[in-house]
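Letter by letter, the chains look like this.
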Amino acid sequence: MLKTVVSILVLALSATTSFAADKMLADRHMERGGKCEACHTTMPPKAVATQQCLVCHGSYDKVAARTDKNDINPHDSHIENPDCTSCHRGHKKPVLLCDECHEFRELKVP
Ligand code: HEC
Ligand code: HEC
Ligand code: HEC
Ligand code: HEC
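What you see is a predicted model, and the numbers here were worked out from it, not measured in a lab.

A. Structural view of the coordination of the iron atom of ligand 4. Listed as protein donors to the iron atom of ligand 4 are H78 (NE2) and H102 (NE2); their distances from the metal cover 1.9 to 2.0 Å. Around the iron atom of ligand 4 sit 6 donor atoms, and with donor-metal-donor angles ranging over 87 to 179° the site reads as octahedral. Placement of H78 in the segment after α5 (60–66) and of H102 in the segment after α5 is noted, with a sequence separation of 24 residues between them.

B. Structural detail: the site of ligand 1. Of all residues adjacent to ligand 1, which total 15 residues, the nearest are H29, R32, C53, C56 and H57. The side chain of H29 places a nitrogen or oxygen atom 2.8 Å from a nitrogen atom of ligand 1. Only α2 (25–31), α3 (36–39) and α4 (50–57) provide two or more residues apiece to the shell around ligand 1. Top contributing element to the shell around ligand 1 by residue count: α4, with 4 residues. Grouping the constituent residues of the shell around ligand 1 by class yields 8 nonpolar, 4 polar and 3 charged.

C. Up close: the layout of surface pockets. There is about 1400 Å³ of room inside the largest pocket. Residue lining of the largest pocket: 48 residues in total, with L25, H29, C53, H57 and H88 positioned closest to the centre. At the level of secondary structure, the elements contributing two or more residues to the lining of the largest pocket comprise α2, α3, α4 and α5. The residue inventory of the lining of the largest pocket, partitioned by class, reads 24 nonpolar, 15 polar and 9 charged.

D. Seen up close, the environment of T41. Topologically, T41 is positioned in the loop between α3 and α4. Between the C-alpha atom of T41 and that of Q52, which follows or precedes it by 11 residues, the distance is 8.6 Å.

Parameters at a glance
- Residues numbered from 1 in each chain as written.
- Chains lettered and ligands numbered in written order.
- Predicted model: local features only at pLDDT ≥ 70, side-chain atom pairs only at ≥ 80, totals over all residues.
- Heavy atoms only, no water.
- Donors = N, O, S within 2.8 Å, 3.2 Å for Na, K, Ca; no water.
- Tetrahedral: all angles 85-135°; square planar, octahedral: opposite > 155°, others 65-115°.
- Helix = DSSP H or I, 4+ residues; strand = E, 2+ residues; numbered from the N terminus.
- Near = heavy atom within 4 Å.
- Polar contact = N/O pair within 3.5 Å; in protein donor to acceptor, adjacent residues only side chain to side chain.
- Nonpolar A, V, L, I, M, F, W, Y, C, P; charged D, E, K, R; others polar.
- 1 Å grid on protein atoms, 1.4 Å probe; cavity = no way out; pocket = protein on both sides within 12 Å on 5 of 7 lines; lining within 4 Å.
- Points joined across faces, edges and corners; volume = space filled by probe spheres on them.

Take it as geometry only, folks, not as evidence of what the structure does.
Written out as C-alpha cells, the structure is:
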C-alpha cells in the first residue's frame, strides 16, 4: 500500500518536472495561438529585443508587480531592467542571471 502511494507520488512528480523541462518558452507561447512573428520581426529570426516582449507584457513595472510576492523579485533589483532574454530563453533552457553572483535556489525561471 505504502509502496503504491510512494510510486504514484514519484510518478506525479516526474511528470510535472518533465513537462516544465520539455516545454520551452517559445513553444508555450505558440500553444496559446502565438506566431513566430510575435517575437521575431526579422527573417531569418534573430535574438528578441526586450521591447518586443513588452509589446504584450506591457512594461518592466508591470512584470515586476506580478512577481512582487516573492522574497526576492527577479524583476525589481539592483540590476536595473536587464534584457528579458538574459534569463528567459526562447528555445533553450532558461538561466537566472542573478546566480552569476548569488544563489537564489527558490527562483525558477519559466
Ligand atoms: C504576442 C504577445 C506576446 C509576446 C510578444 C510575448 N509574450 Fe510572453 N506571454 C504572452 C501571453 C498571452 C502569456 C500568458 C499570459 C500571461 O502569463 O501573461 C505569456 C506568458 C509569459 C510568461 C509566463 C510563463 C508562461 O509560459 O506562461 C513568460 C515568462 C513570458 N511570457 C515571457 C516572455 C518573453 C521573455 C518574451 C519575449 C522574448 C515574451 N514573453 C513575448 C504573450 C506574449
Ligand atoms: C533576472 C532574471 C529575469 C529577467 C531579466 C526577467 N525575468 Fe521574468 N521571471 C524570472 C523569474 C525567476 C520568474 C519566476 C518568478 C516566480 O516564480 O514567481 C519570472 C516570471 C515571469 C513571468 C510570469 C509571472 C507570473 O505571473 O508568474 C513573466 C510574464 C515574465 N517573467 C516576463 C518577463 C519579461 C517580459 C521580462 C523582460 C521585460 C522578464 N521577465 C525579465 C526571471 C527574470
Ligand atoms: C516567445 C517568443 C518567441 C517565439 C514565439 C518564437 N521565438 Fe524564436 N527565439 C526567441 C528568443 C528569445 C530567441 C533567442 C535565443 C533563445 O533564447 O533561444 C529565439 C531564437 C530563434 C532562432 C535562432 C536565431 C539566432 O540567431 O540565434 C530561430 C531560428 C528561431 N528563434 C525561430 C523561431 C520560429 C521558427 C518560431 C515559430 C515556430 C519562433 N522562433 C518562435 C523567442 C521566440
Ligand atoms: C555581478 C554580480 C551580481 C549580480 C549579477 C546580481 N547581484 Fe545582487 N548583489 C551583488 C552584490 C555584490 C551585493 C551586495 C553584497 C551582498 O549583500 O550580498 C548584492 C546584493 C543583493 C541583494 C541584497 C542582499 C541580499 O542578498 O539579500 C539582493 C536582494 C540582490 N542582490 C538581488 C539580486 C537579483 C534579484 C539579481 C538578479 C536580477 C542580482 N542581485 C544580481 C551582486 C550581484
